[in-house]
Amino acid sequence: MVLKAFFPTCCASADSGLLVGRWVPEQSCAVVLAVVHFPFIPIQVKQLLAQVQQASQVGVAVLGTWCCCRQEPEESLGRFLEGLAAVFPHEPWLRLCRERGGTFWSCEATRRQGPGTPGEDQVTLIFYDQRQVLLSQLHPPAVPPDRQVGADPTSTGGLAAVFHTVARSEALFRSDRFDEGPVRLSHWQSEGVEASILAELAKRASGPVCLLLASLLSLVSAVGACRVFQLRPLSFLGSKLSTCEQLRHRLEHLRLIFSTKKAENPAQLMRKANTVASVLLDMALGLLLLSWLHGRSRIGHLADTLIPVADHVAEELQHLLQWLMGAPAGLKMNRALDQVLGRFFLYHIHLWISYIHLMSPFVEHILWHVGLSACLGLTVALSLLADIVALLTFHIYCFYVYGARLYRLKIHGLSSLWRLFRGKKWNALRRRVDSCSYDLDQLFIGTLLFTILLFLLPTTALYYLVFTLLRLLVVAVQGLIHLLVDLINSLPLYSLGLRLCRPYRLAAGVKFRVLEHEAGRPLRLLMQINPLPYSRVVHTYRLPSCGGHPQHSWGSLCRRLFSGELIYPWGQRSDKQD
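The rules behind these values
Residues numbered from 1 in each chain as written. Predicted model: local features only at pLDDT ≥ 70, side-chain atom pairs only at ≥ 80, totals over all residues. Heavy atoms only, no water. Helix = DSSP H or I, 4+ residues; strand = E, 2+ residues; numbered from the N terminus. Buried < 20%, exposed > 50% of the residue type's maximum accessible area, 1.4 Å probe, protein only. Contact = heavy atoms within 4.5 Å. Axes fitted to C-alpha atoms, helices over the stretch in contact; angles between N-to-C directions. Parallel < 35°, antiparallel > 145°, perpendicular 65-115°, else oblique. Nonpolar A, V, L, I, M, F, W, Y, C, P; charged D, E, K, R; others polar. Salt bridge = Lys/Arg side-chain N within 4 Å of Asp/Glu carboxyl O. Pairing = 2+ DSSP bridges. UniProt positions renumbered as here; feature names shortened; annotations may be inferred. Phe/Tyr/Trp six-rings, centres within 6.5 Å; stacked < 30°, edge-to-face > 60°. Lys NZ or Arg CZ within 6 Å of the ring centre and 35° of its normal. pLDDT = per-residue confidence, 0-100.

### A few points about the overall build of the chain
Each helix and strand counted, the chain has 17 helices and 13 strands in total. In the chain, which comprises 578 residues, the proportion classed as buried is 40%. A fraction of 71% describes how many contacts in the chain between residues 6 or more apart in sequence connect residues 24 or more apart.

Spelled out as structure tokens, the structure:
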């Protein structure tokens with residue numbers, strides 16, 4: 001049988017001693033974690049392994065012996081190492097030796113002689129970087145069910161066992177060569193445990209600060225959940241305004257950041273780190289926007305430009321309505337209906353112009369407060385901009401609603417009358433089309449109404465088409481703003497930075513490089529970590545977005561437009577069921 005022995009590269013030059021690690025019988029592999037050096041007392045080594053096993057919940061044991069022959073090998077040392085198998089019984093028992101010069105290695109795995117069992121196994125020696133494996137997080141690909149896991153050293157199950165063993169055995173790496181303990185070890189932190197005074201001070205100070213901020217955020221959430229804000233006008237505005245949605249979303253982010261609850265797994269820790277990076281980037285971009293707006297009186301220039309632009313839009317709408325009231329593109333419209341609809345919409349435009357001029361003295365103050373909201377983050381300012389665009393184009397939305405309702409009324413009337421001609425009717429209770437018999441008067445009235453609606457449909461459809469295109473243009477602008485907001489909210493910046501600076505932290509798998517493959521000697525491989533692709537990093541660690549607006553496919557959108565249903569963001573149809 002072929003056994004796989006994972007050996008850390010940091011122990012390749014360590015003094016002779018015992019191999020401490022974990023044996024994984026399912027994968028037939030041994031994961032070496034450290035080397036215990038001479039002199040030692042066996043009972044103290046067993047006590048250390050028991051403490052590590054209790055702290056990490058990993059079955060750590062003595063796997064064998066390690067011999068580093070810098071000079072001529074001594075026979076007494078060899079006999080002593082062989083005798084340790086009786087003190088620390090483990091099967092199989094590894095004997096790993098690095099010969100003089102550091103070029104040739106020998107590795108053996110012996111078992112106790114029994115009936116029908118061989119006494120020695122073939123060993124494949126795999127070197128790995130212990131620090132990288134400890135700090136990395138494995139993201140194995142989806143394995144098809146027809147493939148067996150664990151058949152070779154590159155299998156997902158074997159890799160997961162290796163990564164899990166090294167990650168859970170962190171308690172074994174807390175001691176270094178400067179400690180005056182009874183047992184001396186060699187591992188990746190043997191030269192000194194990594195520490196930072198600033199990091200320790202930040203950890204001690206973060207507890208009270210997080211507790212205080214979490215209390216303040218809970219108070220803000222309690223105020224926002226009071227019954228005053230649940231009344232019909234306030235609750236309706238809170239559910240429709242993008243600014244309120246973004247503030248609620250950002251409040252959830254802050255509660256997650258300043259939560260005193262410890263992350264239970266690496267995924268939650270990565271999500272919190274990505275949230276911190278997203279909030280910091282949002283605040284930094286918001287402060288840059290605030291400094292740009294309040295510099296060189298740019299807010300005053302924007303206020304002076306906004307009113308003429310609104311007047312220009314209103315004038316263009318008036319010209320468009322006058323064109324529709326004539327003979328648009330040479331089409332023959334119903335004169336009476338065309339004049340009624342045109343004058344109706346022109347009256348709304350006059351009301352809108354009066355409203356704009358009434359608000360013109362306060363535009364600069366409104367823009368000043370909008371710019372001040374950028375201190376809460378760029379996403380809040382962009383959400384407020386989306387609400388301002390919706391407010392400034394409210395007359396276009398009204399035109400679209402009027403045209404859509406009138407168009408939908410005629411479509412429904414024509415469909416009902418068409419069923420009347422075929423002797424059918426819509427059964428509202430059973431939600432199906434049933435047969436029905438009509439008398440002569442009903443058929444005559446139905447024919448007249450069908451003819452009237454059919455000849456009035458082109459005029460109504462033309463107005464509906466024009467205002468739907470204008471509405472789609474406004475929705476596209478708002479969609480771009482919301483897309484930018486969702487990008488800032490959901491982009492995993494910390495994970496992308498980790499992938500760029502330390503690729504081994506996010507592992508998609510491993511690759512093996514052959515170090516030695518000679519007859520009569522064990523196969524030696526070097527395990528290297530394959531970093532996770534950027535696309536998979538974004539897909540795996542993408543933060544949840546606001547999701548305050550309905551999403552429609554292209555087919556659903558075209559079907560809604562053709563049938564005259566209201567589209568994003570105000571109209572959300574819910575089918576009634578009995």
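What follows continues from the structure just given.
### Concerning the packing of helix H9 (residues 298-325) against helix H10 (residues 335-359)
Relative to each other, H9 and H10 sit at 170°, their axes nearing to 9 Å. When the axis of H9 is compared with that of H10, the two are roughly antiparallel. Mapping the contact onto sequence places Ile 307, Ala 310, Asp 311, Ala 314, Leu 317, Gln 318, Leu 321, Leu 324 and Met 325 in H9 and Arg 335, Asp 338, Gln 339, Gly 342, Arg 343, Phe 345, Leu 346, Ile 349, His 350, Ile 353, Ile 356 and His 357 in H10. Among the residues making up the contact of H9 with H10, the classes are represented as 12 nonpolar, 5 polar and 4 charged.

### Here's the deal with the pattern of salt bridges
Oppositely charged side chains are able to pair whenever their charged atoms sit close together. Applying the stated criterion across every chain, the model contains 6 salt bridges. Connected through salt bridges with shared partners, the residues Arg 408, Arg 560 and Glu 565 form a single ionic network.

### Overview of the pairing of strand S11 (residues 432-435)
Across 4 bridges, strand S10 (residues 424-427) lies against S11 in antiparallel orientation. Note on S11: the bridge partner recorded for Asn 427 is Arg 432. Connecting S10 to the antiparallel partner S11 that follows it, the hairpin turn spans 4 residues, and Arg 431 within it adopts a positive phi of roughly 55°.

### A closer look at the UniProt feature "transmembrane region" (unreviewed entry) in the chain
Here the UniProt feature "transmembrane region" (unreviewed entry) sits at residues 209-230, 275-293, 340-358, 370-402 and 440-457. Between the C-alpha atoms that bound residues 275-293 the distance is 27 Å, and the span itself is 100% helix and 0% strand. In residues 440-457, helix accounts for 100% and strand for 0%; the two terminal C-alpha atoms are 26 Å from one another.

### Examining the packing of aromatic side chains
Tallied over the entire structure, the rule returns 13 aromatic pairs. Ring plane angle 65° and centroid distance 5.0 Å describe the contact between Phe 345 and Phe 399, whose orientation is recorded as edge-to-face. Here Phe 345, found in helix H10, pairs with Phe 399, found in helix H13 (residues 394-421); they are 54 residues apart in sequence, far enough to count as distant. For Phe 399, a relative accessible area of 1% gives the class buried. A centroid spacing of 6.1 Å and a plane angle of 35° characterise the contact between Phe 394 and Tyr 397, whose relative ring orientation is tilted. Placement of both Phe 394 and Tyr 397 in helix H13 is noted, with a separation of 3 residues, approximately one turn of the helix. Note on Phe 394: relative accessible area 43%, which makes it partly exposed. Clustering of aromatic rings is evident, with ring pairs tying together Phe 344, Phe 345, Phe 399, Tyr 402, Tyr 463 and Phe 467. Across the ring face of Tyr 534, the terminal group of Arg 499 is positioned such that the distance to the ring centre comes to 4.5 Å.

### Comments concerning the confidence of the model for the chain
Per-residue pLDDT for the chain has a mean of 79; in total, 80% of the residues score no lower than 70. At the level of individual helices and strands, the chain shows its lowest average pLDDT in helix H2 (residues 75-87), which scores 64, and its highest in helix H15 (residues 493-501), which scores 92. Residue range residues 148-154 is modelled with pLDDT below 50. Its contacts to residues more than four positions away, or to other chains, number 12 contacts. Within the model, the stretch residues 570-578 combines pLDDT values under 50 with 14 contacts to residues more than four positions away or in other chains.

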